[in-house]
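Structural characterization, general
Each chain, letter by letter, is given below.
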Protein chains: 2
Amino acid sequence: MSEYRGYTGTSLAFLKDSKVKVGDSVKITEDITYAGIVMPRYEHTDDNHIALKLKSGYNIGIEVNKIKKIELLSSEKIEKKSPPKIKSDQSLPKILLLSTGGTIASKIDYRTGAVTPALSAEELNEAVPELAEIANIDTEVLFSEYSENLEPEHWKKIAEKLDSHAKSDYKGIVVAHGTDTMQYSAAFLSFALSGYPIPIVLVGSQRSSDRPSSDAALNLISSMRFIIESNTRGVFVVMHHNESDNLIVGHVGTRVRKNHTSKRGAFQTIGNDPAFLIFDKKIEKNLKAEFFKQNQYNPKLNFDTHVALVKYHPGYNPKIIDFLIKSGYKAIIFEGTGLGHVGKKIYEEVKKANGDGIFMGMTSQCIDGRVDMNVYESGRDLQELGIIPLSDMIPETALVKAMWALGNSTNVEEMKNLMTQNIASEFSD
Amino acid sequence: MSEYRGYTGTSLAFLKDSKVKVGDSVKITEDITYAGIVMPRYEHTDDNHIALKLKSGYNIGIEVNKIKKIELLSSEKIEKKSPPKIKSDQSLPKILLLSTGGTIASKIDYRTGAVTPALSAEELNEAVPELAEIANIDTEVLFSEYSENLEPEHWKKIAEKLDSHAKSDYKGIVVAHGTDTMQYSAAFLSFALSGYPIPIVLVGSQRSSDRPSSDAALNLISSMRFIIESNTRGVFVVMHHNESDNLIVGHVGTRVRKNHTSKRGAFQTIGNDPAFLIFDKKIEKNLKAEFFKQNQYNPKLNFDTHVALVKYHPGYNPKIIDFLIKSGYKAIIFEGTGLGHVGKKIYEEVKKANGDGIFMGMTSQCIDGRVDMNVYESGRDLQELGIIPLSDMIPETALVKAMWALGNSTNVEEMKNLMTQNIASEFSD
């Protein structure tokens with residue numbers, strides 16, 4: 001790591017003048033005095049802030065111009081460590097650990113205190129020594145991004161990598177991933193890799209590994225245990241079930257949602273109990289049916305992002321739909337109200353979209369429960385206008401599925417078939 | 001009711017030719033044979049369907065061209081009933097019941113079986129005889145709409161009506177309302193009528209009163225009990241807590257969400273237990289603080305709909321933000337990922353929106369939990385780009401609050417103050 005990683009211009013000059021570098025413990029006096037560790041900067045929109053990690057674990061940005069005094073408390077030598085050697089026990093099951101970034105793959109360096117998605121799968125493996133006793137783990141870094149920056153292109157890269165291992169001797173594959181958009185990636189992999197022969201587990205962490213409450217190690221260990229013990233196929237998200245450490249769960253990748261910003265048990269299966277409960281080596285199975293509805297492995301890795309998610313609300317502007325039509329969108333997933341409704345005032349635009357051959361699917365902003373467009377006249381009218389009810393598919397999964405279906409079909413009828421067919425447990429039985 | 005209410009063109013001619021009218025029991029043979037009651041049509045996009053209510057309670061539309069045979073089973077005379085007389089007991093507390101439509105105010109006529117938002121508050125009152133023993137109820141119909149068709153103009157009409165009763169001798173006011181957008185209306189009233197002197201209760205039903213599982217009567221009774229017994233002020237949503245009839249709850253109007261499409265216990269308070277538990281006459285209070293943060297009644301009834309709700313996701317098109325900027329939008333509420341993030345690829349558009357003086361607030365699509373834009377560099381960057389974190393305000397409430405704040409402030413700084421100030425318990429303490 002560079003001694004001034006991420007610093008440029010004003011802030012770089014200030015650090016150099018003050019003889020302070022990344023990783024140093026300092027006291028900075030502004031209006032009040034902060035003590036902490038100078039962190040590297042990874043994203044920035046200006047060059048006049050110093051990033052400081054406080055003892056609480058939180059990071060703050062301090063404007064260079066406002067600093068009255070900076071005092072060096074202690075400085076540590078930066079040593080380039082050679083990559084750690086991982087024990088390998090050939091008698092254990094083989095698992096591939098792919099790293100894509102996120103908090104779970106963060107905090108490469110306790111010294112700097114920086115939370116950055118820079119930890120390689122190998123380092124991740126090494127950071128949790130228990131892993132070597134569970135499985136014989138190969139590691140690979142796909143990319144290092146926080147998941148809010150992931151795009152459908154990244155989904156495809158992960159899918160291609162997994163596809164390349166479809167005929168391997170791995171017992172399963174773990175994908176370390178940021179939690180922000182993990183459910184979107186899980187949904188894409190579920191559709192793209194229909195029938196994949198071994199379990200795929202996405203794992204993340206809600207608290208970085210430098211915090212005492214970190215869930216990183218236990219989630220990672222549990223994802224390996226899950227692969228070895230579950231004897232299942234499909235795409236799952238393995239995370240803490242609650243704030244305690246006694247229950248980790250495996251969620252169906254198309255039915256899971258991040259339902260809390262910060263809790264360790266943020267992920268929830270919508271409309272059902274989680275598919276698997278993981279108590280150390282003991283696995284309890286709730287999943288009633290096969291994850292993939294077609295047994296044969298049938299990868300379809302394309303996508304098309306001309307899909308909009310329209311969350312309807314009072315005061316919604318019909319001109320936004322007009323804009324989508326004019327911009328060449330080919331599919332709209334509505335997050336309607338209640339059982340699957342939108343207000344009369346956008347009926348004209350819905351009619352127009354239908355006339356233009358745009359696929360329209362209905363989900364509910366209630367998130368839980370099924371849409372039913374036969375109960376009220378408005379639901380029936382919307383069906384006549386071409387909107388397809390999508391049962392209890394959750395909105396984010398429907399969006400991802402629509403991008404996938406659009407990329408892998410040649411006309412709107414083929415797309416409708418894909419959208420209404422249960423491919424990867426996106427519809428509850 | 002007209003004998004052919006809502007029918008025009010082809011379907012009207014067909015009914016007349018067949019000597020069948022609205023309310024008649026018929027057997028219709030298409031590919032299969034249906035028996036049911038011919039319903040009036042309230043919304044339609046064509047003139048060639050007959051609406052039929054089946055015995056199951058569900059309605060279907062049958063295309064006239066496909067009908068092979070129609071058989072009249074029984075016909076009933078349409079009588080105009082005189083409005084029922086309501087008992088009035090002057091010793092009981094006075095409550096005003098306003099009707100705006102929705103399922104709770106539906107099913108005017110068991111004979112036709114039609115679910116329509118046409119029941120007046122007076123008829124609603126009469127349909128539940130227990131009400132007359134609880135309170136001395138005045139009734140008024142504001143409008144009769146399913147709530148997916150309600151617009152901010154409707155919110156304002158409700159607010160104006162309530163404002164006109166601010167100095168009345170009512171113990172409280174009940175607003176019968178469709179459940180689809182009830183949370184949006186509740187949020188608007190909470191902000192617009194800050195400090196309102198008596199409780200305002202929105203009440204709805206998830207099952208129409210012709211179904212055995214209807215929650216209409218009990219929710220209505222409980223809303224009256226709540227007003228009489230709760231001794232509180234604020235805007236609340238009173239609904240079933242679960243599928244059983246033994247617990248009705250009162251939710252804070254700015255913290256409530258319809259979280260299930262069909263369950264009677266669809267409404268939930270986000271991040272907390274419901275404010276009040278209502279067991280018949282017994283009320284248990286969970287609410288820790290006053291609903292309104294300012295004691296004085298200070299109505300501000302304006303709104304401005306130049307506010308967009310942007311739910312960020314992988315594959316989100318930055319051009320939609322461009323479109324909003326060009327279309328004169330003055331505020332954007334982001335439903336970001338996790339702790340309050342959006343991907344780097346829309347940073348340029350965010351910067352531009354900020355430069356144009358557009359208010360930008362951040363909520364989370366996780367719905368539960370607080371946004372915290374100080375943990376990760378991306379959150380700090382987005383704050384530098386002008387996005388204001390909105391703590392644990394739920395996205396729909398933030399949208400409504402932004403419309404309200406925009407309509408009641410003259411510049412972006414004033415709006416920022418309103419948006420970050422706790423006015424009606426929209427932020428948890």
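Computed from a predicted model, the values in this text were never measured in an experiment.

**Examining unusual backbone geometry**
- One non-glycine residue, A:K19, adopts positive backbone phi at about 55°.
- Structurally, A:K19 can be placed in the loop between helix 1 (9–17) and strand 1 (25–29).
- With 10 C-beta atoms counted inside 10 Å, the residue A:K19 sits in the exposed group.
- Located in the positive-phi region is B:N231, a residue other than glycine, with phi close to 55°.
- For B:N231, the location among the structural elements is in the loop between helix 6 (216–230) and strand 10 (235–240).

**Focus: the sheet that holds strand 19 (residues 387–389) of chain A**
Residues and elements named next belong to chain A.
- If you trace the four strands from one edge of the open sheet to the other, you get 16-17-18-19, paired in parallel fashion. Each edge of the sheet is formed by a strand with only one pairing partner; in this case those strands are strand 16 (307–311) and strand 19. Going across the sheet, the axis of each strand differs from the next one's by a mean of 25°, ignoring polarity.
- Two strands pair when backbone bridges link them, and strand 17 (residues 331–336) and strand 18 (residues 359–364) are joined in this way by six bridges, in the parallel orientation. If you follow I332 over to strand 18, its bridge partner there is M360.

**Focus: the relation of the copies chain B and chain A**
- Under the fitted operation, chain B is carried onto chain A by 0.1 Å of movement along the axis and a turn of 180°, and the coordinates agree to an RMSD of 0.2 Å. Such a combination of rotation and displacement between the chain copies is what one expects of a two-fold axis.
- Comparing interface residues between copies, 100% of those in chain B also sit at the interface in chain A, which points to an isologous, same-surface contact.

**Let's talk about the domain arrangement of chain A**
- Partitioning chain A into domains gives domain 1 (9–74), domain 2 (94–285) and domain 3 (307–420).
- Here the C-alpha centroids of domain 1 of chain A and domain 3 of chain A sit 49 Å apart.

**Thoughts on the nonpolar core**
- Membership of the largest hydrophobic core comes to 216 residues, with the highest contact counts inside it found for A:I332, A:A402, B:I332 and B:A402.
- If sequence neighbours within four positions are ignored, B:A402 has contacts with B:V307, B:A331, B:I333, B:F359, B:G361 and B:M419.

**Here we look at the packing of helix 7 (residues 318–326) of chain B against helix 8 (residues 347–355) of chain B**
Residue and element names in this part refer to chain B.
- Close contact between helix 7 and helix 8 brings their axes to 9 Å; oriented N to C, the two are set at 15°. Considering the angle they form, helix 7 stands roughly parallel to helix 8. For helix 7 against helix 8, the interelement crossing comes out left-handed. Residues P318, I321, D322 and I325 of helix 7 form the contact with helix 8, whose participating residues are E348, E349, K352 and A353.
- Broken down by class, the residue content of the contact of helix 7 with helix 8 amounts to four nonpolar, no polar and four charged.

**Here we look at the environment of B:G340**
Residue and element names in this part refer to chain B.
- If you trace the backbone, G340 turns up in the loop between strand 17 (331–336) and helix 8.
- On the neighbour-count criterion, G340 (32 C-beta atoms within 10 Å) is buried.
- Setting aside chain neighbours within four positions, we find G340 in contact with M362, S364, V371, D372, M373, G379 and P389.

**Some thoughts on the interface of chain B and chain A**
- The interface is formed by 63 residues belonging to chain B together with 64 residues belonging to chain A.
- Those elements that place two or more of their residues in the side of chain B that touches chain A are strand 4 (59–63), strand 16 (307–311), helix 7, helix 9 (377–384) and helix 10 (395–407) of chain B.
- Per-element accounting of the side of chain B that touches chain A gives the leading share, five residues, to helix 9 of chain B.
- The residue makeup of the side of chain B that touches chain A, split by class, is 22 nonpolar, 22 polar and 19 charged.

**Quick word on the packing of helix 4 (residues 152–164) of chain A against helix 5 (residues 182–192) of chain A**
Residues and elements named next belong to chain A.
- Between helix 4 and helix 5, whose axes approach to 10 Å, the crossing angle comes to 45°. As the angle between them shows, helix 4 and helix 5 are arranged oblique. You can see that helix 4 and helix 5 cross each other, and the crossing is right-handed. Where helix 4 approaches helix 5, its residues W155, I158, A159 and L162 are matched on the opposing element by S185, F188, L189 and A192.
- Here the contact of helix 4 with helix 5 is composed, by residue class, of seven nonpolar, one polar and no charged.

So, how was this worked out
- Residues numbered from 1 in each chain as written.
- Chains lettered and ligands numbered in written order.
- Predicted model: local features only at pLDDT ≥ 70, side-chain atom pairs only at ≥ 80, totals over all residues.
- Helix = DSSP H or I, 4+ residues; strand = E, 2+ residues; numbered from the N terminus.
- Buried ≥ 20, exposed ≤ 12 C-beta atoms within 10 Å, placed from the backbone.
- Pairing = 2+ DSSP bridges.
- Axes fitted to C-alpha atoms, helices over the stretch in contact; angles between N-to-C directions.
- Least-squares fit on C-alpha atoms with pLDDT ≥ 70 in both.
- Contact = placed C-beta atoms within 7 Å.
- Domains from an automatic or database assignment.
- Core = buried A, V, L, I, M, F, W, Y, C linked by C-beta atoms within 7 Å.
- Parallel < 35°, antiparallel > 145°, perpendicular 65-115°, else oblique.
- Left-handed = near helix turned anticlockwise from the far one by under 90°.
- Nonpolar A, V, L, I, M, F, W, Y, C, P; charged D, E, K, R; others polar.

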